[in-house]
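Take a look at the letters that make up each chain.
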Amino acid sequence: MYVMIRKILSPYVKIIDISYETLIWIRIAKELTGCESDYLIANLYIPPQNSSFYRIHNCDLFYELESQMIHYSAECPNIFVIGDLNARTANMNDYVQNDKLHDSILDRVGDLFTYVADEALSCRNNPDAGTNDYGTKLLNLCKSSGLRIINGRHPDGLSNDFTYSGPRGMSVIDYLLAKPINIEKVLKFITSNFTTYSDHAPIHVQFKTDFTMQCNDINSNLMDGEESQFFKWNKEFRDLCYNALLVNADDLSLTIANMDIASQDGMDLCINNFTQCLTNVTAPFFKQMPKVKAKLKRNSQNQRVNTDKPWFDQKCKELYANYCKKLHTFNGKKTFNSHIDLNSAKKAYKKYECKLKRSYKRQEGYMLCKLKKDNPRKFYSLFRKNNQRKCDLNITDFFEYFKELVSSAPNSNKRPEVINNECVFDELDADITADEIIKAINELKMDKSHGPDSPTKNVVSRIKENGFKEIKKWNKFREYS
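Residues numbered from 1 in each chain as written. Predicted model: local features only at pLDDT ≥ 70, side-chain atom pairs only at ≥ 80, totals over all residues. Heavy atoms only, no water.

**Observations regarding the overall build of the protein chain**
Heads up, the condition is: Secondary structure is summarised from DSSP: a helix means a run of H or I of at least four residues, a strand means a run of E of at least two, and numbering begins at the N terminus for each. Between two residues, a contact is recorded if the distance between any of their heavy atoms is within 4.5 Å. The accessible surface values rely on the Shrake-Rupley method and a 1.4 Å probe; as for residues, cover is taken only from the protein chains in view.
When helices and strands are tallied, the protein chain shows 15 helices and 16 strands. Expressed as a percentage of contacts within the protein chain between residues at least 6 apart in sequence, the contacts between residues at least 24 apart total 65%. Accessible area of the protein chain: about 34,600 Å², with a carbon and sulfur share of 52%.

Here's what the structure looks like:
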């Protein structure tokens with residue numbers, strides 16, 4: 001799992017803990033949020049039940065999440081959880097129903113402790129009617145920790161959609177969790193359209209902030225940002241924007257109905273209100289922020305040209321175009337038939353592309369093998385690093401360093417004993433011990449041919465410490481035979 005943070009926000013965002021490489025806690029400073037306390041966001045990915053992850057880590061990630069939430073909630077009440085939980089919850093309650101105690105019971109225990117009942121929230125609009133074991137664990141976590149599922153509950157109504165589309169069906173397994181008092185801090189929560197990059201739909205979450213930063217010599221506010229914002233059309237969000245306009249059509253009509261045409265100020269006010277209302281509806285889809293200190297490269301040579309992969313052919317391009325077409329149809333209307341058509345188009349494209357990719361890599365391998373035989377110099381030049389480090393060390397300094405290193409080493413001037421112009425090494429004349437022979441026997445490899453003395457590894461490996469006499473008998477037998 002990765003968490004990417006804009007450089008200009010890095011002083012205010014800090015990673016405070018990483019568990020099992022699937023749970024990352026980040027802290028957003030209160031100077032950025034404008035609240036009395038910081039935001040704590042748990043970015044979580046829970047692998048499926050049959051994943052090899054659990055053969056390496058013997059843990060329950062739901063329990064780990066709850067334990068860490070208890071630890072952090074004492075210092076910061078603004079806790080959010082977002083990620084792929086692989087949990088299907090249908091429309092089951094994530095709070096305890098009828099949790100209020102009777103007045104007679106409250107009178108008896110009111111002096112002992114304060115009991116806070118679960119608040120009944122609005123029903124979730126969940127298009128996924130399926131459930132699984134992880135879904136039950138998630139609902140129990142919500143009931144015990146006070147978190148609530150924001151999917152299908154946000155006022156914008158743009159999070160009531162599937163988040164996963166696979167070959168076996170569609171489901172909602174990516175969630176945003178928060179406590180009821182923190183729901184108002186989530187300004188935008190949008191389940192975006194599916195793309196060709198993943199089976200999961202991107203989730204766009206915008207938190208409430210009150211922070212002004214210097215951006216391209218313009219003071220911009222992260223919550224408003226009227227001076228520096230601009231809009232860019234993206235046809236992937238066309239259907240979502242159309243649905244958002246339909247939801248907010250009454251507000252737009254009411255703004256026009258209240259227009260005061262008797263004065264210029266009244267008309268200007270109406271136009272400003274209408275523009276502001278329209279901006280609020282379209283901003284989550286098309287609003288862009290300028291890059292901070294971005295230098296535009298006007299030189300055409302430095303501009304990156306988008307080219308197809310080398311193994312693409314005309315048929316592959318046609319299959320990809322058909323896949324994108326089916327994906328656009330599926331995003332517009334997520335039905336059973338459109339899902340089947342999307343999976344068929346995607347499978348045909350992926351299968352054909354993998355076939356071309358394997359063929360291309362095989363051909364490249366053959367070409368490299370041929371180049372290695374015909375022109376080795378050119379072959380090894382392909383793997384030579386272009387950017388070699390330049391060293392300022394000259395040969396004299398290099399020699400002096402090792403000369404000093406050798407002269408300072410202990411026993412550096414000791415030479416072996418010389419007898420009759422021959423070097424004598426005492427360790428080579430030492431007797432071979434039985435332990436050394438046993439160690440050498442244990443290191444022999446099985447299923448290998450025997451040496452000049454004929455015994456194989458299977459025979460020699462059975463020899464113990466008292467079996468060296470048998471070796472001597474064997475050698476004497478070979479001498480006489």
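**Re the layout of surface pockets**
Using the following cut-off: For cavity detection a 1 Å grid was placed over the protein atoms alone, and a set of points counts as a cavity when a 1.4 Å probe fits there but cannot get out; an open set counts as a pocket when protein lies on both sides within 12 Å along at least five of seven lines, with lining residues being those that have an atom within 4 Å of a point. Grid points are joined across faces, edges and corners, and a volume is the space filled by probe spheres set on the points. Residues are grouped as follows: Ala, Val, Leu, Ile, Met, Phe, Trp, Tyr, Cys and Pro are nonpolar; Asp, Glu, Lys and Arg are charged; all remaining types, including Gly, are polar.
Roughly 670 Å³ of internal volume is contained in the second largest pocket. Along the wall of the second largest pocket there are 20 residues; nearest its centre are Thr196, Tyr197, Glu236, Tyr320 and Cys324. For the lining of the second largest pocket, the secondary-structure elements that each account for two or more residues are α9 (314-332) and α10 (336-374). No other element matches α9, which puts six residues into the lining of the second largest pocket. A breakdown of the residues in the lining of the second largest pocket according to their chemical character gives seven nonpolar, six polar and seven charged.

**Focus: a nonpolar patch on the surface**
Rule in force here: Patch membership requires more than 30% relative accessible area and the absence of a salt bridge. Residues of like charge join within 9 Å; the nonpolar side chains Val, Leu, Ile, Met, Phe, Trp and Tyr join within 5 Å. Take a side-chain nitrogen of Lys or Arg and a carboxyl oxygen of Asp or Glu: if they are within 4 Å of each other, that pair is a salt bridge. Only protein chains enter the accessibility calculation, which uses a 1.4 Å probe. A residue is then buried if its area is under 20% of the maximum for its type, exposed if over 50%, and partly exposed in between.
Residues Leu393, Ile395, Phe398, Tyr401, Phe402 and Leu405 make up a contiguous nonpolar surface patch of roughly 640 Å² in combined accessible area. Mapped onto the secondary structure, leucine 393 falls in the loop between α11 (376-381) and α12 (395-408). A relative accessible area of 48% places leucine 393 in the partly exposed class.

**Brief notes about the nonpolar core**
Here is the rule we go by: We call a set of buried residues a nonpolar core when its members are Ala, Val, Leu, Ile, Met, Phe, Trp, Tyr or Cys and they connect through side-chain atoms within 4.5 Å of each other.
Membership of the largest hydrophobic core comes to 44 residues, with the highest contact counts inside it found for Trp25, Leu65, Leu85, Leu138, Tyr175 and Leu177. Put simply, the parts of the chain that give this core at least two residues each are β2 (23-28), β3 (39-45), α3 (61-73), β4 (79-84), α5 (133-145), β8 (174-178), α9 and α10. Apart from the residues lying within four places of it in its own chain, the contact partners of leucine 138 are Phe62, Leu85, Ala87, Thr89, Ile149, Tyr175 and Leu177.

**Digging into the pairing of β3**
As a reminder of what qualifies: Strands were regarded as paired on the criterion that DSSP finds at least two bridges between them.
The buried fraction of β3 amounts to six of the seven residues, a majority that puts the element mostly inside the structure. Taken together, the six bridges between β2 and β3 define a ladder with antiparallel strand orientation. Counted as the bridge partner of isoleucine 28 is tyrosine 39 from β3. Of the strand pairs in this sheet, β3 and β4 are connected by six bridges, and their pairing is parallel. For alanine 42, the partnering residue across the bridge sits in β4 and is valine 81.

**Regarding the pairing of β2**
Burial analysis of β2 places five of its six residues in the buried class, the great majority of the element. Linking strand β1 (residues 13-19) back to β2 in an antiparallel pair, the connection comprises three residues, with tyrosine 20 at a positive phi of about 55 degrees.

**Brief notes about the pattern of salt bridges**
Side chains bearing opposite charge may pair, as long as their charged atoms lie close to each other. The final tally for this structure, using the stated rule, is nine salt bridges. The residue arginine 27 makes a salt bridge to glutamate 75 at a minimum N-O spacing of 3.3 Å. Of this pair, arginine 27 sits in strand β2 while glutamate 75 sits in the loop between α3 and β4, placing them 48 residues apart in sequence. Given a relative accessible area of 21%, arginine 27 falls into the partly exposed group.

**Observations concerning the packing of aromatic side chains**
Applicable threshold: Here is the rule: rings of Phe, Tyr and Trp (six-membered ring for Trp) pair when centre to centre is within 6.5 Å. Planes less than 30 degrees apart are stacked, more than 60 are edge-to-face, and the remainder are tilted. Two limits define a charge over a ring: the Lys NZ or Arg CZ must be within 6 Å of the ring centre, and within 35 degrees of the ring normal.
Summed over the entire model, instances satisfying the criterion amount to 13 aromatic pairs. When the ring of phenylalanine 53 is compared with that of tyrosine 54, the centres are 5.2 Å apart and the planes differ by 85 degrees; the resulting orientation is edge-to-face. Overall, the relative accessible area of 11% leaves phenylalanine 53 in the buried class. You can call tyrosine 54 partly exposed: its relative accessible area is 22%. When the ring of tryptophan 311 is compared with that of tyrosine 360, the centres are 5.7 Å apart and the planes differ by 50 degrees; the resulting orientation is tilted. Linking tryptophan 311 in the loop between β14 (287-288) and α9 with tyrosine 360 in helix α10, this pair joins segments that are 49 residues apart in sequence. Within the aromatic cluster, the residues linked to one another by ring pairs are Tyr39, Phe80 and Phe207. Here the guanidinium or amino end of lysine 334 rests over the ring plane of phenylalanine 330, the centre of that ring lying 5.7 Å away.

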